[in-house]
Amino acid sequence: MGEITYTYVKDLRPGLKNINIMFIVLDIAKPTRTKDGHEVRSCKVSDKTGCINISLWDELGEALQTGDICRLTKGYANVWKGSLTLYSSKFGDIVKLGEFCMQFSETPNMSDPNPEFLKMVSMVLYL
Amino acid sequence: MAKPESGIKKHAPSRLSSLSVLETRDELEEKLDKCYKCVTNLLNGLSEREANDALNAYISKGAGQHEEVQLGLLFSILVDSKTAVKCYRDMTLTSRDGLNIVLLKTNTIIYEKWLRLADSVRTQILWLIRELIKNNVPGADSVCFILLRQISGGDISTKNVYLCESTVDMFYENKSWLEKQTGLIPSVVYTFLRVMIDHNLPSLATVRQKETDLCILLLREKFVECMVIGRDLVRLLQNVSRIPEFEKLWFDLMKNPTAISPQFTGLLQLFQIRTSRKYLVSRLTPDMENKLVFLITKVKFGQQKRYQDWFQRQYLSTPESQTLRCDLIRYICAVFHPSNELLCSDIIPRWAVIGWLLTTCTSPVALSIAKLALFYDWYFFEPEKDSIMNIEPAILVMYHSMRPHPAITATLLDFIARTYNNFCPMLMNQVKQGIKLSLQTIVNKRVLPSLSPLFDNSKLDKELRMLLQETFPEFCSVEVKDEVNKLEPIDVDNSNGENHLDNNSSEIPDARFSDDEDDIPIGRLGNDVKFQPIRDMPCYQHVDISENIQQLAGDIKDLTVELQSER
């Protein structure tokens, strides 16, 4: 399997794939329902370098609690409604490793609007 | 929007724990499961005699195989109660290390995984411990000690009460074994004396009676063993003193100590023993301890809000959980003593955590025992034997709260001034000396350069300042003496050398506490600290307590009603 390399939140960029990352969950927003009946939750997650929103579907978001420490493997990042957002993929996995005992920083918030990220997205789209 | 892509892999189901979709089996279970499969393969289709031969033949190949068989049988006991009797027998018969591997692994499972263990596995662990006790296996006491730590204070959930009751039953049924476990006895007593106060609902009367019987039995017959706990034994006994069996014990403790044990000379003897950390630690579950220690060693001052909220959500959110605050406070004061390096860092100081624990307490009764817990090492403080670090948090939480939250400071000052006279009338002089030695040591060691900013502060109301002036004249400055009605201090103790105290008023950092400054946090106190003042201040207000009286029971209720009607 080889050793997994982890990305820090501060290094996330639009279009980045195969992201392995560890984070602690800070906030979980109320779920929104998609047309086909799925529940989507936007969660603010953080490591010691910053924070970002992750979008979680159905039972994954439901099982999550603030203070949970998780490992996401093979996730990807993209811009959604102007905010850089982290996603889990069908190739990867998200696993709860613990609770509480992880340091975090709420700044910078990588999901804050960032014109540079928007530019990167348009480039990705035209590739 | 992105397509829904689940991201859940099918994880192998756990037989030990109930896991959410986010959790996987850990290495420990993977290993146990592998051993279990190996044993199952080995024994598949064999008769009992053949099975025994097969196990022995396999074990003789080496230590690794021995461990594999032992752990495989252990796992079988835990996950399949039908096999338990047979597997326990095989385990004992094939063990070549006095069950050492099994005991160690059982301890790890209880210590690290108890919270998540499936109910059926918990039941099997209790069954296994009973077998270990019944068979007098050396090391069974250490498993019991670790199990006791999983009994959670302030938690009357079915699971926790079930654990209390099963454990009490187990000890009671194995009295003669327990009485030989001198190291375990004080832990048993300390645990059940503590959780007994949580079991005050009528529905929990049976559990409480069992706990009472066990504690009384051990205290009456093994008091010398229990004395190693130290002064916190008295603290817990105070909380249960209204239970008839303990009322009788209290009578003997005070009036007839030798009836309890010829080596027991009286309460003072107990009060003078600094509580061993072992017992204070034991009242936090490993998970609570991990989280609390993370908070006070890793979280920067100003960034504690979310951690405190998480801790509160898990452990302090119900009415019955309020009693846990005193265990946490005792742990912070008497167990966790930060290094100088940590003291100089930007990590949240102990007093701020205590401030949080006091200000978020929702029950006046629990708040009162929490305050007592905070000051408990003051009353019989001896500079040579006790540590300044035990008394430091109380003085600092009073000092640092003065400006942002004077109500906290006031309620604590009021408490220490009142307990100065009332904590233990029998030992009044010793208590007075203990408190004064505490204050003197605080000044001598320059925890605070002077107590005047605390005792003479105009933020405190006049009555409280007069009370402080009366109680601690030598720690108040001259100016304020003139300001308030001067009362002759009662000379309570001539022998403790208080008169040698220097007047430190010249060192008062008065700029910090002068009246014209705005009400802003002082010194290291960050803006993020959200102290909420306690609503019920200890000033004399008429309050209708009729409703609260209904929550009392027995003599105390009758006496309170009587008192109330006197007014």
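Since this is a predicted model, take the numbers as computed values, not measurements. Throughout, a residue's number is its position along its own chain's written sequence, starting from 1. Just so you know, chain letters begin at A and ligand numbers begin at 1, following the order they were written in. Reporting in this predicted model follows two pLDDT cut-offs: at least 70 for local features of residues, and 80 or more for side-chain atom pairs to be given and counted; totals over whole chains, interfaces and linings ignore these cut-offs and use all residues.

1. A look at the overall build of chain B
Then step 1. Helix and strand assignments come from DSSP, with helices taken as H or I runs of at least 4 residues and strands as E runs of at least 2, each series counted from the N terminus. Helix and strand counts for chain B come out as 31 helices and zero strands.
Then step 2. For chain B, the share of sequence-separated contacts (at least 6 apart) that also reach a separation of at least 24 residues comes to 73%. Contact criterion: two residues are in contact if their C-beta atoms, reconstructed from the backbone, are within 7 Å.

2. Remarks on the UniProt feature "domain: Single-stranded DNA binding protein Ssb-like OB fold" (unreviewed entry) in chain A
Then step 1. Feature annotation in UniProt assigns "domain: Single-stranded DNA binding protein Ssb-like OB fold" (unreviewed entry) to the following positions: residues 33–94 of chain A.
Then step 2. Taken end to end, residues 33–94 of chain A has its terminal C-alpha atoms 21 Å apart, with 10% of it in helix and 61% in strand. UniProt positions are given in the numbering used here, feature names are shortened, and annotations may be inferred rather than shown by experiment.

3. Let's talk about the environment of Val168(B)
All names here are of chain B.
Then step 1. On the secondary structure map, Val168 appears in helix α8 (residues 158–173).
Then step 2. For the pair Val168 and Ala205, spaced 37 residues apart in the sequence, the C-alpha separation amounts to 14 Å.
Then step 3. The residues contacting Val168, other than those within four sequence positions of it, are Phe192, Lys210, Glu211 and Leu214.

4. Considerations on helix α3 (residues 63–79) of chain B
Residue and element names in this part refer to chain B.
Then step 1. In a helix, the anticipated span is given by 1.5 Å times the number of residues less one. When the terminal C-alpha atoms of α3 are compared, their 24 Å separation across 17 residues agrees well with the 24 Å that a helix rising 1.5 Å per residue should span.
Then step 2. Three exposure classes are used, all based on how many other C-beta atoms lie within 10 Å of a residue's own C-beta (placed from the backbone): buried at 20 or more, exposed at 12 or fewer, and partly exposed between those limits. The buried count for α3 comes to twelve of 17 residues, which makes it a mostly enclosed element.
Then step 3. Of the positions making up α3, those classed as buried are Glu68, Val69, Gln70, Leu71, Gly72, Leu73, Leu74, Phe75, Ser76, Ile77, Leu78 and Val79.
Then step 4. The elements touched by buried residues of α3 are α1 (27–43), α2 (48–59), α4 (84–94), α5 (100–113) and α6 (119–134).

5. Points about the UniProt feature "domain: Integrator complex subunit 3 N-terminal" (unreviewed entry) in chain B
Then step 1. Following the UniProt record, one finds the feature "domain: Integrator complex subunit 3 N-terminal" (unreviewed entry) at residues 65–469 of chain B.
Then step 2. In residues 65–469 of chain B, the share of helix is 68% and the share of strand is 0%. The end C-alpha atoms are 74 Å apart.

6. Description of the interface of chain A and chain B
Then step 1. Taken together, the contacts link 22 residues of chain A with 19 residues of chain B.
Then step 2. Secondary-structure elements contributing two or more residues to the side of chain A that touches chain B are α1 (58–63) and β7 (93–99) of chain A.
Then step 3. For the side of chain A that touches chain B, the element with the most residues is β7(A), which contributes four residues.

7. Focus: the packing of helix α10 (residues 185–196) of chain B against helix α11 (residues 205–221) of chain B
Residue and element names in this part refer to chain B.
Then step 1. It is the contact of α10 with α11, at a shortest axis distance of 9 Å, that shows an interaxial angle of 145°. For the element pair α10 and α11, the recorded crossing hand is left-handed. From α10, Ile185, Val188, Val189, Phe192, Leu193 and Met196 reach across to α11, where they touch Arg208, Glu211, Thr212, Leu214, Cys215, Leu218 and Leu219.
Then step 2. Each residue is assigned to one class: nonpolar for Ala, Val, Leu, Ile, Met, Phe, Trp, Tyr, Cys and Pro, charged for Asp, Glu, Lys and Arg, and polar for all the others, Gly among them. Residue composition of the contact of α10 with α11, grouped by class: ten nonpolar, one polar and two charged. Under this scheme, a helix contributes an axis fitted over its contacting stretch, all axes are lines through C-alpha atoms, and angles between N-to-C directions fall in the 0 to 180 degree range. The hand of a helix crossing depends on one turn: near helix anticlockwise from the far one by less than a right angle means left-handed, and clockwise means right-handed.

8. Quick word on the confidence of the model for chain B
Residues and elements named next belong to chain B.
Then step 1. Here pLDDT means the predictor's own confidence in every residue, given as a number from 0 to 100. Taken as a whole, chain B shows an average pLDDT of 87; of its residues, 84% reach a score of 70 or greater.
Then step 2. Low pLDDT, under 50, characterises residues 1–5; the predicted model gives this stretch six contacts beyond four residues in sequence or across chains.
Then step 3. Across residues 478–540 the pLDDT falls below 50, and counting only partners more than four positions away or on other chains, this stretch makes 87 contacts in the model.

9. Structural notes on the confidence of the model for chain A
Then step 1. For chain A, the mean per-residue pLDDT works out to 92, and 94% of the residues sit at or above 70.
Then step 2. Looking over chain A, one finds the lowest element-wise mean pLDDT in helix α2 (residues 115–126) of chain A, namely 75, and the highest in strand β1 (residues 19–28) of chain A, namely 98.

10. A word on the pairing of strand β5 (residues 68–80) of chain A
All names here are of chain A.
Then step 1. At least two DSSP bridges between two strands are required for those strands to pair. Here β1 pairs with β5 via five bridges, running antiparallel. Looking at β5, one finds that Ile21 is bridged to Leu72.
Then step 2. Across six bridges, β5 lies against β7 in antiparallel orientation. The partner of Ile69 across the bridge, within β7, is Gly98.
Then step 3. When β5 meets strand β6 (residues 83–87), the two strands line up antiparallel, connected through five bridges. Following the sheet pairing, Trp80 is matched in β6 by Ser83.
Then step 4. The loop that links β5 with its antiparallel partner β6 comprises two residues; one of these, Lys81, has a positive phi angle of about 50°.

11. Details of the nonpolar core
Then step 1. Residues enter a nonpolar core if they are buried, belong to Ala, Val, Leu, Ile, Met, Phe, Trp, Tyr or Cys, and are joined to the set through C-beta atoms within 7 Å. Membership of the largest hydrophobic core comes to 146 residues, with the highest contact counts inside it found for Val189(B), Ile329(B) and Ala370(B).
Then step 2. Segment limits for the domains were obtained from an automatic or database-derived domain assignment. When residues of this core are sorted by domain, at least three fall in each of domain 1 (18–150) and domain 2 (358–513) of chain B.
Then step 3. The contact partners of Val189(B), leaving out residues within four places of it in the chain, are Cys215(B), Leu218(B), Leu219(B) and Cys226(B).
Then step 4. Leu12(A), Ile19(A), Val25(A) and Tyr87(A) belong to the second largest nonpolar core, which has 30 residues in total.

12. A few points about unusual backbone geometry
Then step 1. Between Thr107(A) and the following residue, Pro108(A), the backbone shows a cis peptide bond with an omega angle of -5°.
Then step 2. Within the fold, Pro108(A) resides in the loop between β7 and α2.
Then step 3. Positive phi outside glycine occurs at Asp58(A), with the angle close to 45°.
Then step 4. Non-glycine residue Arg446(B) carries a positive phi angle of around 60°.
Then step 5. By secondary structure assignment, the location of Arg446(B) is in the loop between α26 (428–444) and α27 (452–455).

13. A look at the pairing of β6(A)
Residues and elements named next belong to chain A.
Then step 1. The buried count for β6 comes to four of five residues, which makes it a mostly enclosed element.
Then step 2. Pairing of strand β4 (residues 50–57) with β6, which is carried by three bridges, proceeds in the parallel orientation. By the bridge assignment for β6, Ser55 is matched with Tyr87.

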